[in-house]
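Reading the structure
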Amino acid sequence: MSHLSHSPLATARARDFDHRALAALNFPSQPRGGKLKFFLAAILALSVASELFCRFIVGLGDPPLYQADPTMEYMLQPGKTYHRFHHRFSVNAYGMRADDFPLHKSSPEELRVLIVGDSVVYGGVRIDQRLIDTEILKRNLQRQYHRPVVIGNASAKSWGPPNELAYLKRFGTFDADVVILALSSHDYADAPTFIPVVGISGDYPGKRPWFAITDLLRTYILPTYFHWGVTPPEVDRTNITIAESERDIAVCREAERALFTFVREHNAKVALVQHLSLPEVKGTGQPGYFANQAVAQAEQVPFTDDAGDLRAQLKAGKNPFFKGDPLHLNGLGQIVLARTLQRAVVQALQSN
């Protein structure tokens, strides 16, 4: 019997019995490639969840777009409205962060003010259009003068006086009664380099990304952590401690003088507003502050700054600057800048 139990026939019958017993237990079998399919499905689900989170929770995927320009270096693409971080960002037909308005005044009663500047005036994507400095200024002037008011916001990130002068030469002053040049200390040497940045730097996208997750990578993660798509320091001259060349200083000071002259030749009043950084507010003005002021004094242009209002907010325990950003203004800071701009408009209208 022992010999028969180990015969090939008996072994085969036992093996067949084992298979039938396992089948009776209904254990699920793992198809070939099942693990790979599960892995791919998990990756797809994670990608979809990440895309939905970035687009609908964070508010990415619709950045303001730029276009290269032969005289201004770059400017906002005209005639588009974006939604970034759930904030409205509208660009009119003239590449301004402002509502559309006719090229010329529609009524003699209309008060027109054109503000030209850089990222400080521009307001950034962290502030809704309704709450940026120039929109607040419009409402303030309407209450003050009881007249229709149109405000133009001709600005872009890292523009300096030559960029701003080039904008005016391209588009004119739009029948403005007053043109305000808004500068910070670093602008006294912010000369154009014409280094290509549109579509190259994460700060200056030229096309809308297909996915919000792509926007996150190109705009924030890759430049911050992998130094890919970083704006060259020669373009982003917001660091007031950078060593400036005498040539850049001369180019910018001449552009300021030419801008004041251009505005007056177009029968508009002009004024200078200077915005101080947090280190300046807490300490003393930088060389650029006094250089910009000297040009205005020489050209008999009225000027003011936001130093007093910013210091008052800090003294009251309120921070008008974005956390970790010593230059750009949050919602409270936009109100402060709007008041400073309003003061400059009044000064300009009262000047000869």
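The next subject is the confidence of the model for the protein chain. Looking at the protein chain as a whole, its pLDDT mean stands at 90, while 89% of the residues score no less than 70. In this model residues 1-5 is a low-confidence stretch, pLDDT under 50, and it forms 2 contacts with partners more than four residues away in sequence or in other chains.

Each pair of aromatic rings is reported with the distance of its centres and the angle of its planes. Going through the model one piece at a time under the given rule, you end up with 14 aromatic pairs. Among the aromatic side chains, those forming a connected cluster through ring pairs are Tyr94, Phe101, Trp159, Tyr167, Phe171 and Phe174. Over the ring of Phe85 we find Arg84; its NZ or CZ atom is 5.4 Å from the centre of that ring. We note Arg126 situated over the ring of Phe322; from NZ or CZ to the ring centre the distance is 3.8 Å.

Take the side chain of Asp305 next. For Asp305, the location among the structural elements is in strand β9 (residues 303-305). Buried charged residue Asp305 carries no salt bridge. Nearest counter-charge: Arg343, at 5.6 Å. Among the polar contacts made by the side chain of Asp305, one reaches the main-chain amide nitrogen of Ala307 at a distance of 3.0 Å. If we skip the residues at most four places from it in the chain, Asp305 touches Gln274, Leu276, Tyr289, Thr340 and Arg343.

Taken in spatial order, the 5 strands line up as β6-β5-β7-β8-β9 in an open sheet, and their pairing is parallel. The open sheet has two edge strands, β6 (149-155) and β9, and neither has a second partner. The average undirected angle you get between the axes of adjacent strands in this sheet is 20°.

Conventions and cut-offs
Residues numbered from 1 in each chain as written. Predicted model: local features only at pLDDT ≥ 70, side-chain atom pairs only at ≥ 80, totals over all residues. Heavy atoms only, no water. pLDDT = per-residue confidence, 0-100. Contact = heavy atoms within 4.5 Å. Phe/Tyr/Trp six-rings, centres within 6.5 Å; stacked < 30°, edge-to-face > 60°. Lys NZ or Arg CZ within 6 Å of the ring centre and 35° of its normal. Helix = DSSP H or I, 4+ residues; strand = E, 2+ residues; numbered from the N terminus. Buried < 20%, exposed > 50% of the residue type's maximum accessible area, 1.4 Å probe, protein only. Lys, Arg positive; Asp, Glu negative; His and termini not counted. Salt bridge = Lys/Arg side-chain N within 4 Å of Asp/Glu carboxyl O. Polar contact = N/O pair within 3.5 Å; in protein donor to acceptor, adjacent residues only side chain to side chain. Pairing = 2+ DSSP bridges. Axes fitted to C-alpha atoms, helices over the stretch in contact; angles between N-to-C directions.

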